[in-house]
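Chain by chain, the residues:
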Amino acid sequence: GPAMACSSGASGRSLSLPRAVDEAGGIDRWNARSPELKALLRMLDAACKAKTVPEALAEVRAIKQLGHNLWAYSYMRMLYAKDAKLYYGTLLAAPSELLPVVYTPTVGEACQKFGKLPQFARGCYVSVAHRGRVIDVLRDYAAAHLEKGPDGKYLVDCIVFSDGGRILGLGDLGAWGMGIPIGKLDLYTVCAGVNPFRTLPVLLDAGISDSNTAKLAIRDDPLYTGSKEKRVQHTSEAGTKVNTCYYGEDNFIDEFMTAATTLFGKRVLLQYEDFNSNDAFPLLERTREDFLTYNDDIQGTAAVTVAGILGGLKLRHPDATDLVSLLRSERFLFHGAGSANIGAAMLLVRAAGVSKKQIFMTNSRGLMWRGYLGTGGNFRNEEQKQFAVHGEPILPHTRLVDVVRYVRPTVLVGAVGVDPGCFTREVLDTVLDPSRLPAPAWLRSSVKCFGQGEEA
C-alpha cells in the first residue's frame, strides 16, 4: 500500500524517529492512526505517479497552478519518498521554480503544519531523552539510510541541525522544524552540487515552548510528532533565557557533535540552523574551534548581507578598488535584531573595522538603547547590547520612519520576521533624501520588508 511505499527505508529505525512517532509504533502506524493523515497519504500517492522528470514537472506544475504551494510541497515530499533520484532530477530541471516550493517561502507554513502532513523516513530526530546514547541514535539512522566508505565510516559530508527553537521568523516549532534542515540541504544540492545522499538533516528535540508568532497550540496538538515536554530553561549569566541541557558538563550539544564526528569523521560539516539567538551565539563561540561548524543564520546570512552592501557601494563608487575601506565611512541602520542582522553587524566590525558607533539597530521596541551607567535599556541580550546607543533617545524612536530620521543612515538593512511591508514609501523617501546619496541595501527573510503586489 502507499503507506509502506512512503516509509520504505525507515524499517528497523526506532531511536531516530520523532518521539511520538516511535511511541506509536513507527511511521506507518503513525500515518494510519489519523483519518486525515491516512486520506492525505492516499491522495498524495495517487497524485504522484511520475516515472520521469518531464512527468514529475507536469504533475507538480498542475498542482502549483492552483496557487497554494503547500500542496506542491507535499507532492515533492511524496516524490522524494518514492524516488529520491527523480526528486533531485526534477529540482535540478527547474530550480528557480521549485526551490521556493521545497524551501523558503513555502517551508515556513509547512513547518507550522508539519505534523498535519504525512510523515516520511527522511530526517534524524535526536531526543534529549536519549542523552548518553546520541551516538546510538545517529547510528540507528545511518544504518537505514547511509552508505559506508572504505574505512568503514558512514559517508556524510554535511549535517544541518536545528532544535526548532526559532524557525525563520515563526518562533518555536519544536520537532515540526525538521522541514528546515531538509530544505536547506536540498538547496545545497541544487545550488552547490553537494551529494544529497551524503547529507544528514537532524532535529535536536529538547522539548518545545508555547512561544510562536502565530500562537499555534503545537505542543498540545494530537499530531505533534516530538516530545511534549516543555523546554527546560534557565537564565544565563548574561541575563537571557537559554536551554539548560545545552550547557555544563556532558551537555546535549557537545555530545551530539562528538558523536557525529566519531561516527562520520572530523571533516563532517556541522551547521547550526534556526536556534534561538540566546543559544545560537554562545554555542557557536563555544564549539567553533573544536569542530568544523558554523551558524548559517549568523555567519552565512552575514556574508551575503555584507556582500550586498559592498555591491551597493560599487554602484556609487564604480572606480573604487578598496570597497571594504569605504564601509568605514557609512552609517548603518539594521531593522531587526535577530541572528541575521547581529551577525552582519559583527562581520562589519570584525572584518571591515567599522566602528560600533556607526551601527544602529532596532528590535520590536524601536531603536535599541542602553543606560549610561550600565542599567536600563531595551536590548534583550548581550549581542544586542553591543549595538545599542548610549542613553534613551529624546526624539521619537519606536517607528522605523522615526528611527530613519533620527539615525540618517546611508545603508538600511532589514531582516525582520514580524513586520511585513516595513519598507514603506515614507521610509524609502526618508532614506533616499537626495542630499545624502545613500546606498540602501535590503535583506528579505521569511517576511518581506517590501510588502506585496501594488504595495511593493
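Residues numbered from 1 in each chain as written. Predicted model: local features only at pLDDT ≥ 70, side-chain atom pairs only at ≥ 80, totals over all residues. Heavy atoms only, no water.

Draft legend 1. Geometry of the sheet that holds strand β10 (residues 366-367). Sheet architecture is open: four strands sit in the order β10-β9-β8-β13, paired in mixed fashion. Across the chains shown, the open sheet's two edge strands, defined by having one partner strand only, are β10 and β13 (411-414). Pairing between strand β8 (residues 332-335) and β13: four bridges, direction parallel. Directly across from L333, in β13, lies its bridge partner L412. (Pairing = 2+ DSSP bridges. Helix = DSSP H or I, 4+ residues; strand = E, 2+ residues; numbered from the N terminus.)

Draft legend 2. The arrangement of unusual backbone geometry in detail. The step from T104 to P105 runs through a cis peptide bond, and the omega angle for that step is 10°. By the element assignment, P105 lies in the loop between α8 (95-102) and α9 (106-112). In this structure, D250 is a non-glycine residue whose phi angle is positive, near 55°. With respect to the helices and strands, the residue D250 is situated in the loop between β5 (241-243) and α12 (252-264). Of the residues examined, D250 reaches a relative accessible area of 63% and is grouped as exposed. (Buried < 20%, exposed > 50% of the residue type's maximum accessible area, 1.4 Å probe, protein only.)

Draft legend 3. Geometry of the sheet that holds strand β3 (residues 199-205). Ordered by their spatial adjacency, five strands build an open sheet running β1-β3-β2-β6-β7, and the pairing between neighbours is parallel. Lying at the two open borders of the sheet, with one neighbouring strand each, are β1 (124-127) and β7 (293-295). On average, each strand axis in the sheet is tilted by 25° relative to the strand beside it, whichever way the strands run. Two strands pair when backbone bridges link them, and β1 and β3 are joined in this way by four bridges, in the parallel orientation. Bridge assignment links V126 to a residue of β3, and that residue is L204. (Axes fitted to C-alpha atoms, helices over the stretch in contact; angles between N-to-C directions.)

All quantities given are derived from atomic positions and should not be read as evidence of function.
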